[in-house]
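Structural features, examined
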Amino acid sequence: MRPLVLATCLLTALSACKRTDAPPTPAAADKPAATPAAPANPANDNLNAVAWVQTSVEYRALSEQTYRAAAEYLDKALKEKNWDALVPEERGNAATGLKPAVVLDVDETVLDNSPYQARLVRDGASYDEVTWDQWVAEKKAKPVPGVVDFARAATARGITLLYVSNRAVHLQAATIANLKAVGLPVASDKVFLGLGTVVEGCEQHGSEKNCRRRLAGQEYRVLMQFGDQIGDFVQVTANTRQGRDQLYDEYNDWFGERWWMLPNPTYGSWEPALFNNDWAQPAAARHQAKRDALDYAP
Ligand SMILES: [Mg+2]
């Protein structure tokens with residue numbers, strides 16, 4: 001979970017916020033192309049995204065079709081003894097002969113935290129560790145559509161589910177309780193690899209998951225990985241649009257077979273990539289950087 005939400009306009013003021021995406025007037029169209037300045041009182045960045053996740057059948061369909069398609073690949077992945085979903089740099093040992101597992105991120109991959117996001121929209125607030133920890137402690141997150149059926153199919157085939165999450169290790173007990181409550185298997189405490197997990201001989205940088213994936217690979221052949229961000233699958237050494245594009249192009253063939261991406265429009269590492277990963281900037285500057293990143297098709 002990363003700092004996520006810019007919230008600078010209370011819902012009560014939304015009706016007063018003018019749309020800024022209307023076609024330009026003829027006079028404005030004659031001026032040189034420039035990104036319009038953000039309105040002084042902009043709408044909450046996350047309102048549409050959270051509403052989409054919580055209310056649309058389109059979100060449900062995307063998630064369910066992803067997990068259904070993945071389940072169709074389980075037998076093929078099991079049968080091909082060299083099938084492995086870790087990149088070579090993170091596979092420190094031979095995968096052949098190891099027990100099968102799948103690696104899943106937790107937030108917005110198996111657990112839906114949109115009620116927390118909704119509270120931030122309602123309250124005009126931004127992500128912080130205090131309110132996040134409180135939400136996790138409530139253990140009210142629901143499963144992402146499709147994941148429980150997928151987990152059932154994997155478990156029936158003797159495949160272990162490993163949860164590689166950036167929830168901090170002190171949230172392990174509440175997270176495991178929430179996973180179990182929604183019907184997801186948790187074979188033991190060891191299948192939760194949270195942020196702060198110590199991996200001998202591997203230095204973890206920030207919230208990167210490469211060390212924990214390497215640890216998972218020591219014991220398991222990883223048939224598939226599931227996530228809502230590129231960093232859930234492979235180490236991101238440059239969180240820029242170009243760096244992310246390069247990774248996506250390099251592993252494009254893996255998506256839809258070994259790697260499965262879940263939809264999450266509400267937050268993610270794609271967002272700070274638009275403002276140089278500098279969360280210390282004022283909210284208005286980050287907001288403007290995102291506006292500058294849009295394609296206005298002049
Ligand atoms: Mg996630």
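Everything discussed here concerns the structure shown above.
Summarised in this report is the structure supplied together with it. Note that the coordinates shown come from a computational prediction; the quantities given were computed from them, not determined experimentally.

Thresholds, definitions, all that
Residues numbered from 1 in each chain as written. Predicted model: local features only at pLDDT ≥ 70, side-chain atom pairs only at ≥ 80, totals over all residues. Heavy atoms only, no water. Disulfide = S-S within 2.5 Å. Buried < 20%, exposed > 50% of the residue type's maximum accessible area, 1.4 Å probe, protein only. Donors = N, O, S within 2.8 Å, 3.2 Å for Na, K, Ca; no water. Helix = DSSP H or I, 4+ residues; strand = E, 2+ residues; numbered from the N terminus. Pairing = 2+ DSSP bridges. Core = buried A, V, L, I, M, F, W, Y, C linked by side-chain atoms within 4.5 Å. Contact = heavy atoms within 4.5 Å. Axes fitted to C-alpha atoms, helices over the stretch in contact; angles between N-to-C directions. Parallel < 35°, antiparallel > 145°, perpendicular 65-115°, else oblique. Left-handed = near helix turned anticlockwise from the far one by under 90°. Salt bridge = Lys/Arg side-chain N within 4 Å of Asp/Glu carboxyl O.

1. Regarding the state of the cysteines
Scanning all chains against the criterion turns up 1 disulfide. Put simply, C202 and C211 are joined by a disulfide, and their sulfur atoms are 2.1 Å apart. Because the torsion about its S-S bond is -80 degrees, the bridge between C202 and C211 counts as left-handed. An identical accessibility class is assigned to C202 and C211; each is buried.

2. Things to note about the coordination of the magnesium ion
Ligation of the magnesium ion by protein atoms is provided by D105 (OD), D107 (O) and D228 (OD), these donors lying 2.0 to 2.2 Å from the ion. We note that the donor set of the magnesium ion lies within a single chain, spaced as D-x1-D-x120-D. With D105 in the loop between β1 (99–104) and β2 (111–112) and D228 in the loop between β6 (220–227) and α9 (241–250), this residue pair connects regions lying 123 residues apart in the sequence. The two residues D105 and D228 agree in class, both being buried.

3. Overview of the pairing of β1
Where burial is concerned, most of β1 is hidden: 5 out of the 6 residues are buried. Judged from the 6 bridges that link them, β1 and β6 form a sheet pairing that is parallel. The partner of V102 across the bridge, within β6, is M224. Here β1 runs beside strand β4 (residues 160–168); their pairing, made up of 4 bridges, is parallel. Across the sheet, V103 pairs through a bridge with L162, a residue of β4.

4. Notes on the nonpolar core
Ranked by internal contacts, the top residues of the largest apolar core, which has 65 residues, are V110, F150, Y163 and F226. Looking at this core, the element that brings in the most residues is helix α3 (residues 57–79), giving 7 residues. Apart from the residues lying within four places of it in its own chain, the contact partners of F150 are Y67, A70, A71, L74, V102, M224 and F226.

5. Thoughts on the packing of helix α2 (residues 47–55) against α3
Contact geometry of α2 with α3 gives a least axis separation of 5 Å together with a crossing angle of 70 degrees. Here α2 lies roughly perpendicular to α3, going by the angle between them. Crossing handedness for the pair α2 and α3: right-handed. Contact residues: W52, V53 and T55 in α2; V57, E58, Y59 and L62 in α3.

6. Quick look at unusual backbone geometry
Of note, N277 is a non-glycine position whose phi angle comes to about 60 degrees, a positive value. Counting through the fold element by element, N277 comes out in the loop between β7 (259–261) and α10 (283–293). Of note in the backbone geometry, A297 takes a positive phi value of approximately 45 degrees without being a glycine.

7. A closer look at the pattern of salt bridges
Throughout the structure, instances matching the rule amount to 15 salt bridges. Among the ionic pairs, E219 bridges to K99, the shortest N-O distance being 3.0 Å. One end of the pair, E219, is in helix α8 (residues 210–219); the other, K99, is in strand β1, with 120 residues separating them in the sequence. Among the charged side chains, a network of salt bridges with common partners joins D45, E271 and K290.

Function cannot be read off these values alone, since they describe shape.
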